[in-house]
Amino acid sequence: MGLLSVVVPCYNEEESVSLFYQELLKNCSFLAEKNLELELLYIDDGSKDRTAEEVKKLCGKDKRVHLISFSRNFGKEAAMYAGLEHAKGDYVVLMDVDLQDPPSLLPQMFAYIEEGYTSVATRRVSRKGEPPIRSFFARMFYRLMKKISRTEIMDGARDYRMMTRQMVDAILSMQEYNRFTKGIFGWVGFETKWLEYENVERARGETKWNFWRLLLYSLDGITAFSTVPLMLASFVGVFFCVIAFAMIIFIIVRKLIFGDPVSGWPSLVCIILMTSGVQFFCTGILGQYLAKAYMEVKRRPIYLIKEEL
Ligand code: UDP
Ligand code: MG
């Protein structure tokens, strides 16, 4: 008999925990046909509400339910890593607890795994119900990533994904501290089948991602999977030197032929402002990578467990 592990990160999701459990079981009748057992891992990412208590109630009723509680909020990336590390299944699924990842897709996903795919991933083809400005920046991010990173990062990709043990082990072998799972999935490779679906709105509770947090997350993604920004300083430097050289020639020639005095401090001020702006910007980029490297060198654990059930 095979085992299917479902990993669900939860942060302040007391309302969704049992609802998710019910919906999942409704869609798990295919497991018996495929001779599979189920294991459900709730990762409580340092919730401040009654999420852990809700999961414990389920643990009491159903032996297949497990709880891992973090000592504080470590973020969804850490929660997913902990889930993958603790999952014993031959197949593992990552899912959100808010039912934005429809459990009805599970039988189809497993069918593709049986066909021989190593992982079955999902992506949203619409962003219905999302603020337009957020969708706009999300699209920009994916277009930029396509240009500056060699790792494939799919537009609209969700973390909702079924994987075989082989892929789970590959992901666990990447023990970096700055985790950007969407990039890690692409980086490890293997044959991936993409399923598409229309965006589903959250069943209960609220999203944990405001605009600012998403912006910082996208910067994490860029620094984790591209070093192109580091080259920016060199390119801009060369570009400015060429312009400066052309201007020097122009001014000398003008002086020799027309005898014009060199005029104007406004232009000078603009040039100084512009070049120093670019310099600060490039130093900032350098700082970003340095900070990431600094955190990486410390080799802190990705998460800490408070309680396990
Ligand atoms: N989540 C988490 N830790 C966090 C933030 C979110 O474990 O710090 C979980 C959350 O409980 C949910 C999933 O990650 O199960 C996705 O979060 P959310 O629905 O807020 O994101 P969205 O779907 O809006 O992108
Ligand atoms: Mg959600």
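I will try to describe carefully the structure that is included in this document. (Residues numbered from 1 in each chain as written. Chains lettered and ligands numbered in written order. Predicted model: local features only at pLDDT ≥ 70, side-chain atom pairs only at ≥ 80, totals over all residues. Heavy atoms only, no water.)

1. Let's talk about a nonpolar patch on the surface
Heads up, the rule is: Candidate patch residues must exceed 30% relative accessible area and have no salt bridge, after which like charges are joined if within 9 Å and Val, Leu, Ile, Met, Phe, Trp or Tyr side chains if within 5 Å. Only the protein chains shown count as cover for residues, and all accessible areas are computed by the Shrake-Rupley method using a 1.4 Å probe. Salt bridges are defined by distance alone: a side-chain nitrogen of Lys or Arg within 4 Å of a carboxyl oxygen of Asp or Glu. By definition, any uninterrupted DSSP run of H or I lasting at least four residues is a helix, any uninterrupted run of E lasting at least two residues is a strand, and each is numbered from the N terminus.
Among the surface-exposed residues, I133, F136, F137, M140, F211, W212, L215, L216 and L219 lie close enough to one another that they form a single nonpolar patch of about 870 Å² accessible area. Mapped onto the nonpolar patch, the elements with two or more residues apiece are α6 (132–148) and α9 (211–225). Take the nonpolar patch: its biggest share by element is five residues, from α9. Residue position: F137 is located in helix α6.

2. Some points on α9
Here is the rule we go by: To estimate how far a helix should reach, multiply one less than its number of residues by 1.5 Å. When a residue's accessible area, from a 1.4 Å probe over protein chains only, is under 20% of the maximum for its type it is buried; when over 50% it is exposed; and in between it is partly exposed. By definition in these notes, contact holds between two residues if any of their heavy atoms fall within 4.5 Å.
The end-to-end C-alpha distance of α9, which contains 15 residues, comes to 21 Å, matching closely the 21 Å that a straight helix rising 1.5 Å per residue would cover. Burial in α9 covers these residues: Y217, S218, G221, I222, T223 and F225. Contact partners of the buried residues in α9: α4 (76–86), α6, α8 (181–188), α10 (228–258) and α11 (265–298).

3. Re the pattern of salt bridges
A complete count under the given rule lists 14 salt bridges for this structure. The shortest N-O distance in the salt bridge between R123 and E196 comes to 2.6 Å. Highlighted residues: R123 in strand β5 (residues 119–124) and E196 in strand β7 (residues 192–197), separated in sequence by 73 residues. Residues joined in a network through salt bridges with shared partners are K76, D96, D101, R158, D159 and K182.

4. So, empty space enclosed by the protein
Applicable threshold: Here a cavity means grid points, on a 1 Å grid over the protein atoms only, where a 1.4 Å probe fits yet cannot get out; a pocket means an open set of points with protein on both sides within 12 Å along at least five of seven lines; lining residues are those with an atom within 4 Å of a point. Grid points are joined across faces, edges and corners, and a volume is the space filled by probe spheres set on the points.
The final tally for this structure, using the stated rule, is one cavity of 30 Å³ or more. Every residue along the wall of the largest cavity is listed here: E77, M80, Y81, L84, L94, I171, R179, T181, I184 and F185. Going through the elements one at a time, α4 and α8 are the ones with two or more residues in the lining of the largest cavity. At four residues, α4 tops the list of elements feeding residues into the lining of the largest cavity.

5. Describing the packing of α4 against helix α7 (residues 165–172)
To keep it simple, the criterion reads: Interaxial angle, 0 to 180 degrees, is taken between N-to-C directions of lines fitted to C-alpha atoms, where a helix line uses only the stretch in contact. By the definition adopted for this analysis, an angle is roughly parallel if under 35 degrees, roughly antiparallel if over 145, roughly perpendicular if from 65 to 115, and oblique otherwise. In a left-handed crossing the near helix is turned counterclockwise from the far helix by less than a right angle, and in a right-handed crossing that turn is clockwise.
In the contact formed by α4 and α7, the axes pass within 10 Å of each other and the chain directions differ by 130°. Comparing their axes, α7 and α4 come out oblique. At the point where α4 passes α7, the crossing takes the left-handed sense. The residues of α7 that touch α4, namely those facing Y81, L84 and E85, are V168, I171 and L172.

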